Amino acid sequence: MIKKLLPALNLRFLILLLAFSAAMSTLVGSFYSTYQVQKEQLTTYTLNSNLAYAQKLASATDNFLKAALQQLAYSAKVIEQSASDSKLLSKEVIRLNHQTDSFNSVVINVHGVIAATSPLLEKIIGKAINSPGAIEALKEKRPLISEPYMSAAGNLIVFISHPLFDKEANYIGYVGGSLYLKEKNILNELLEQHYYKGGSYLYVVSSSKRILYHPEPTRIGNVVNSNSVIDDVVSGGQGKSLVVNSVGKPMIAGYAPVALSGWGIVAQRPLKTTLSSLDILTIEVVKRTIPMALITFIFIGLFAHFIARPLKRLADNADTLDDPQSLEKLKAVKSWYFESHRLKLAMLKGVNILQMQIGQLRHDAQTDPLTETHNRRSLNGLLNQLIFKQTTFAILEIDIDFFKRVNDTFGHDKGDEALVYLTNIIKKLSRKDDIVARIGGEEFVLVLPNEDSQSAFKIAERLRTTVESSKIDTIGYITISIGIATWPDHSNDIDQVYKCADKALYHAKEHGRNQSVVADLL
Ligand SMILES: Nc1nc2c(ncn2[C@@H]2O[C@H](COP(=O)(O)OP(=O)(O)OP(=O)(O)O)[C@@H](O)[C@H]2O)c(=O)[nH]1
């Protein structure tokens, strides 16, 4: 299994993999952390701006309500001058109505009966009023902003009133006005100045968590429970928070209370919208990063190639160190950095030693140790090469005569010296392309390429006579017998040629030794 995997996992691939994963994790990591930091900043910024906006609107609403109460207080003073004067009452409520343009105005006497209205509604003048706001105002006898309530005509109303007292400080009723929350009024106008972009909106709740203002009119009048922001703002708290709105959307909310009425103003923006610009920014950054990343990867690829190349070449050569050309191939490897250079030097050293040893072994395997001539195996190889090249040749099979006697008389060492001595004579008389081999104890072969029987015989005779006439210091004179055969004249089969030479040599021995004999043609 591992062996199967190994070829794919080359160094270049591993460097690429490492560089790619490092670059990718750095990129993804930096994108992620940048995104997170910016998301945090954007969220915090939106939280803060929503809080600031809610505070601003809460204060504006507070001022609006304060102004409304002050206007009522002024009217109350005017009315208190002459509460029984119905003309004055009418005049003042009309003036009040026109002054504020925020709500209608009405004067109620101590019995809860309507004394004057603006706009003028004659049919209700003199009638008792029993709306929750009116009842509350009569009961409280103080400047009051009522809880919102639903009127008989189905309007959501907040009733703002100021009590009336006579000169003796007896309570004589109140002057007040209704603010119709679902209709266009100054409160709506104030709130609608809000910039509703990207899903941002704000809403106002009463102290009883009823929605007084909402950009979606159907929500007005609804009571909102289980909302931490509303719970906090109606308790007078202000702050900022991530909340989920009534339709399950995460929102970034800022909220502040309206001190005078106990209402709460919540400004919020969908988290998704807030972050969408960040998503676009991130995609843009990724897009712009891609070309640079590609260039980097190409650069890494090239670099990986240059790092891996010398090691790959060295590894390729490692399999064929016994190849005679491996030394040259190794030298050609451009080992441009420290480790590859060290490796190359070590391999060169190894190859040198290996090839020297191989050379020595080859030499040993092919050479006769005593005479340093070819042995039989080497001779066969060389003859096969000649045959392969169709080079004709003659074989001289040379055998020392009565060599046993030499050994017996002078000892084996002297016999060895005689063998070396004979070798030197053979070598001296042979030409560059001739092959000298020792194939047995005192048996030699001299191969003469491109020689026929005749010229081979002449050379054999020259050799024989030279030996015959050369005195070896330690043992005196020796003679040799030579059998001669040629390839392919005697046979195409090299074994048969040997046999012919053998026969000729045997013939020489049989007929008095110290002679050269050419084998008969078969
Ligand atoms: N000194 C020495 N003697 C060897 C070596 N190899 C073989 N001999 C000897 O060579 C001799 C060969 O003897 P024989 O085969 O009887 O032949 P010969 O005495 O030369 O007689 P003929 O060949 O018939 O003339 C033997 O005594 C071997 O011991 C060697 O390496 N060194």
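As the structure is a prediction and not an experimental result, all values here were calculated from the model.

**Student:** Give a description of the site of the ligand that names residues and reports values.
**Tutor:** Surveying the vicinity of the ligand reveals 15 residues, the closest of which are D401, F403, K404, G415 and G441. When contributions to the shell around the ligand are tallied by element, the ones reaching two or more residues are β12 (393-400), α11 (403-410) and α12 (412-429). The element best represented in the shell around the ligand is α12, accounting for four residues. Of the residues assigned to the shell around the ligand, the class counts are four nonpolar, four polar and seven charged.

**Student:** Residue-level account of the sheet that holds β12, with values.
**Tutor:** The strands making up a sheet associate through backbone hydrogen bonding, with each pair oriented either parallel or antiparallel. The five strands are arranged β13-β14-β12-β17-β18 in an open sheet whose pairing can be described as mixed. Of all strands in the sheet, those bounded by a partner on one side alone are β13 (435-438) and β18 (516-518). Recorded for the sheet is a direction-independent mean angle of 20 degrees between the axes of neighbouring strands. The pairing of strand β17 (residues 480-487) with β18 spans three bridges and is classified as parallel. Each bridged residue has a counterpart across the sheet, and for G483 the counterpart in β18 is V517. Sitting on the sheet, helix α13 (residues 453-469) touches β12, β14 (443-449), β17 and β18, and the angle it makes with β17 is about 160 degrees.

**Student:** I'd like to hear about the packing of α12 against α13, residue by residue, with values.
**Tutor:** Direction vectors running N to C along α12 and α13 enclose 140 degrees, while the axes themselves pass 10 Å from each other. One element, α12, and the other, α13, form an angle in the oblique class. When you trace α12 past α13, the crossing you get is right-handed. Taken together, the residues of α13 that come into contact with α12 (itself represented by L422, I425, I426 and L429) are R462, L463, T466 and V467. Class assignment for the residues of the contact of α12 with α13 results in six nonpolar, one polar and one charged.

**Student:** Requested: an account of the packing of α11 against α12, with residues and values cited.
**Tutor:** Running from N to C, α11 and α12 point in directions that differ by 135 degrees, and their axes come no closer than 6 Å. The angle between the axes of α11 and α12 places the two elements in the oblique class. In contact with F403, V406, N407 and F410 of α11, α12 contributes H412, K414, G415 and A418. Here the residues of the contact of α11 with α12 are counted per class, giving four nonpolar, three polar and one charged.

**Student:** Give me the UniProt feature "transmembrane region" (unreviewed entry) in the chain: which residues, what numbers.
**Tutor:** UniProt annotation of "transmembrane region" (unreviewed entry) refers to residues 290-308 when read in the numbering used here. The annotated region residues 290-308 carries 100% helix and 0% strand content, and the separation between its end C-alpha atoms amounts to 26 Å.

About the thresholds
- Residues numbered from 1 in each chain as written.
- Predicted model: local features only at pLDDT ≥ 70, side-chain atom pairs only at ≥ 80, totals over all residues.
- Near = placed C-beta within 6 Å.
- Helix = DSSP H or I, 4+ residues; strand = E, 2+ residues; numbered from the N terminus.
- Nonpolar A, V, L, I, M, F, W, Y, C, P; charged D, E, K, R; others polar.
- Pairing = 2+ DSSP bridges.
- Axes fitted to C-alpha atoms, helices over the stretch in contact; angles between N-to-C directions.
- Contact = placed C-beta atoms within 7 Å.
- Parallel < 35°, antiparallel > 145°, perpendicular 65-115°, else oblique.
- Left-handed = near helix turned anticlockwise from the far one by under 90°.
- UniProt positions renumbered as here; feature names shortened; annotations may be inferred.

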